[in-house]
Amino acid sequence: MNSPETSPSPDSSSLRSAELRRELKQKIPELLQLERLIRNYPQHLNAQVELMLQVQHLHLPLYSITLGTTDTSAPTLLLTGGMHGIERIGSQVLIAWLQTLLERLNWDSHLQQQLAQVQLVLMPILNPVGMYLNQRSNGNGIDLNRNAPVNAEGDVPLLGGGHRLGTFLPWYRGKKNTPMEAENIALEKLLQKRILDRSFSLVVDLHSGFGMRDQLWFPYAYRKKPIHNIADYVALKLLWERSYPNHTYAFEPQSIHYLSHGDLWDYFCLQARSHQQSHFLPLTLEMGSWAWIKKRPRQIFNLAGLFNPQMQHRHARVLRSHLLLLDFMLAATLNYQNWLPDSKQRELLNQTAKSLWFN
Ligand SMILES: [Zn+2]
């Protein structure tokens, strides 16, 4: 089963046989792409195996990648993807962005200066076993984003909001009063070690499979009340929309769409709050895969097609189209002191949030 393991030697790829590499290339090419970046840019990044996960006859590493300053007071951007194994496009977007960033770090002095002032952490493949098996849940049949110890305060969608019926249905939360899954504990440890102690940290967790358009959701998922630091979120939303007026992401609290049990980012927000870390801002990017289906309806007959663009030109467009958003998030993290609201603005932004979403 899952054996927690941290290793300073990031590259388990050199030990694999040619046969195993062929199999991985077919089933989880994203992992090989990530390992190629780890091998090719050691001067810019630190890679860590947070966990080794066993599936059938092989072991898959759960990687974290760290770039930028090691100054522990620096603001931090955390980017995660692939929490749901079927939603590969999230991992692919992150790996594409990382590739561009690493290559630019070779020659772009402006980017080098940026990274000298900010910590960047990536976990592009949070659920390698689910991705290998091409399924939403992890290797134990548990939905990692219904698995945190948080219960919704209100009605949740039947099954989709999380349930405890069993692994034979998707969105299974796991058994009551048991620890979270190993992947989630690895993420929690990383947050505690590198992120929750910061004066400011932003998270973007990439998903796909809901809605016609790209959406940025912020907590809570467990209740319809505004989160305590909603003024920060409104300020970030306005910053994005004023800086990039031609972009079309919806930027909203998740709870206006649906409530769910066991949301990981709710859980981490509650933890941050209990640690007095009031500027911890996780966001979920839900890429609007229904639009890809609308353009190519027969994708609906293929499970992966519900969550991922399948035409090559559309796939390339999705990989390109979020680069700007991620660049923005990096700049917003670094410059947080220039846009975080003061107490007077905060009141106004709280009112704005109320009139936008909570009336
Ligand atoms: Zn998802």
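Whatever comes next refers back to the structure up there.
The sections below set out a description of the structure shown in this document. All figures in this text were calculated on a predicted structure; none of them were measured in a lab. (Residues numbered from 1 in each chain as written. Predicted model: local features only at pLDDT ≥ 70, side-chain atom pairs only at ≥ 80, totals over all residues. Heavy atoms only, no water.)

The next subject is the coordination of the zinc ion. For the zinc ion, the full set of protein donor atoms is His84 (ND1), Glu87 (OE), Glu87 (OE) and His207 (ND1), at a range of 2.0 to 2.5 Å. Of note is the zinc ion, whose four donor atoms meet at the metal with angles of 55 to 152° in an arrangement that counts as irregular. On the primary sequence, the residues serving as donors to the zinc ion are separated as H-x2-E-x119-H. Here histidine 84 is found in the loop between β4 (76-81) and α3 (88-105), whereas its partner histidine 207 is found in strand β6 (residues 201-208), with 123 residues between them in sequence. With a relative accessible area of 2%, histidine 207 lands in the buried category. (Donors = N, O, S within 2.8 Å, 3.2 Å for Na, K, Ca; no water. Tetrahedral: all angles 85-135°; square planar, octahedral: opposite > 155°, others 65-115°. Helix = DSSP H or I, 4+ residues; strand = E, 2+ residues; numbered from the N terminus. Buried < 20%, exposed > 50% of the residue type's maximum accessible area, 1.4 Å probe, protein only.)

To continue, consider the side chain of histidine 163. The topology assignment puts histidine 163 in the loop between α5 (128-133) and α6 (182-194). Not counting residues up to four positions away in its chain, the partners in contact with histidine 163 are Leu169, Pro170, Trp171, Tyr172 and Arg173. (Contact = heavy atoms within 4.5 Å.)

On to the layout of surface pockets. In this structure, the largest pocket occupies an estimated 600 Å³ of space. Residue assignment for the lining of the largest pocket shows that the elements contributing at least two residues are β6, β7 (215-218), α8 (264-274), β9 (280-287) and α10 (303-307). The leading source of residues in the lining of the largest pocket is β9, at four residues. For the lining of the largest pocket, the per-class residue count stands at 18 nonpolar, twelve polar and seven charged. (1 Å grid on protein atoms, 1.4 Å probe; cavity = no way out; pocket = protein on both sides within 12 Å on 5 of 7 lines; lining within 4 Å. Points joined across faces, edges and corners; volume = space filled by probe spheres on them. Nonpolar A, V, L, I, M, F, W, Y, C, P; charged D, E, K, R; others polar.)

Moving on to the side chain of glutamine 254. Position of glutamine 254 among the secondary structure elements: in the loop between β8 (250-253) and α8. Not counting residues within four places of it along the chain, the set of residues in contact with glutamine 254 comprises Trp217, Phe218, Tyr220, Ala221, Ser260 and Asp263.

Once that is clear, we can look at helix α2 (residues 29-40). For α2, built from twelve residues, the straight-helix expectation of 16 Å at 1.5 Å per residue is met to within 8% by its first-to-last C-alpha distance of 17 Å. Taken together, the buried positions of α2 are Glu30, Leu31, Leu32, Leu34, Glu35, Leu37 and Ile38. Buried residues belonging to α2 abut α1 (18-27), β2 (45-55), β3 (58-68), α3 and α5. (Expected span 1.5 Å × (residues − 1).)

Turning our attention to the nonpolar core. By size, the foremost hydrophobic cluster in this structure holds 102 residues, and its most contacted members are Leu67, Leu120 and Phe280. Sort the elements by how many residues they give to this core and α3 lands first, with nine residues. Here phenylalanine 280 is in contact with Leu191, Ile195, Leu196, Ser201, Val203, Asn229, Tyr233, Trp265, Phe268, Cys269 and Ala272, once residues within four sequence places are set aside. (Core = buried A, V, L, I, M, F, W, Y, C linked by side-chain atoms within 4.5 Å.)

A side chain with one charge may pair with a side chain of the opposite charge, provided their charged atoms come close. If you walk through the whole model with that rule in mind, you get nine salt bridges. With its nearest N and O atoms 2.8 Å apart, the salt bridge here joins glutamate 35 to arginine 16. With glutamate 35 in helix α2 and arginine 16 in the loop between β1 (3-7) and α1, the pair connects residues that are 19 residues apart, well separated along the chain. Neither residue differs from the other here; glutamate 35 and arginine 16 are each classed as buried. In this structure, glutamate 153 engages arginine 223 in a salt bridge whose closest nitrogen and oxygen atoms are separated by 3.6 Å. Separated by 70 residues along the polypeptide, glutamate 153 in the loop between α5 and α6 and arginine 223 in the loop between β7 and α7 (230-243) bring together distant segments of the chain. Residue glutamate 153 is classed as partly exposed on the basis of its relative accessible area, which comes to 49%. Each member of the salt-bridge network shares a partner with another, and the members are Glu87, Arg136 and Asp143. (Salt bridge = Lys/Arg side-chain N within 4 Å of Asp/Glu carboxyl O.)

For β3, the buried fraction is high: nine of the eleven residues fall into the buried class. As paired elements, β2 and β3 share ten bridges and run antiparallel to each other. The partner of leucine 53 across the bridge, within β3, is leucine 60. In textbook terms, the turn of a hairpin is the stretch between consecutive antiparallel strands, and for β2 and β3 this stretch comprises two residues, one of which, glutamine 56, has a positive phi near 50°. Here four bridges tie β3 to strand β5 (residues 119-123), and the two strands are oriented antiparallel to one another. (Pairing = 2+ DSSP bridges.)

The buried count for β4 comes to six of six residues, which makes it a mostly enclosed element. Along β4, one buried face is formed by Thr76, Leu78 and Thr80 and the opposite face, lined by Leu77, Leu79 and Gly81, is buried too. Summarising the sheet, β4 and β5 pair through five bridges and their orientation is parallel. Counterpart to threonine 80 in the pairing with β5 is methionine 123. Both β4 and β6 contribute to a ladder of six bridges, which runs parallel. Residue leucine 78 lies in a different strand from β6, and its bridge partner there is valine 203.

Evaluated as defined, the whole model comprises 14 aromatic pairs. Relative to phenylalanine 268, the ring of tyrosine 267 has its centre 5.5 Å away and its plane inclined at 45°; by these criteria the two rings are tilted. A residue is classified by how much of its surface remains accessible, and tyrosine 267, at 16% relative accessible area, is buried. Its relative accessible area of 0% is what places phenylalanine 268 among the buried residues. A network of ring pairs unites the aromatic residues Phe218, Tyr233, Phe251, Trp357 and Phe358 as a single cluster. (Phe/Tyr/Trp six-rings, centres within 6.5 Å; stacked < 30°, edge-to-face > 60°.)

Any functional reading would require information that these geometric values do not contain.
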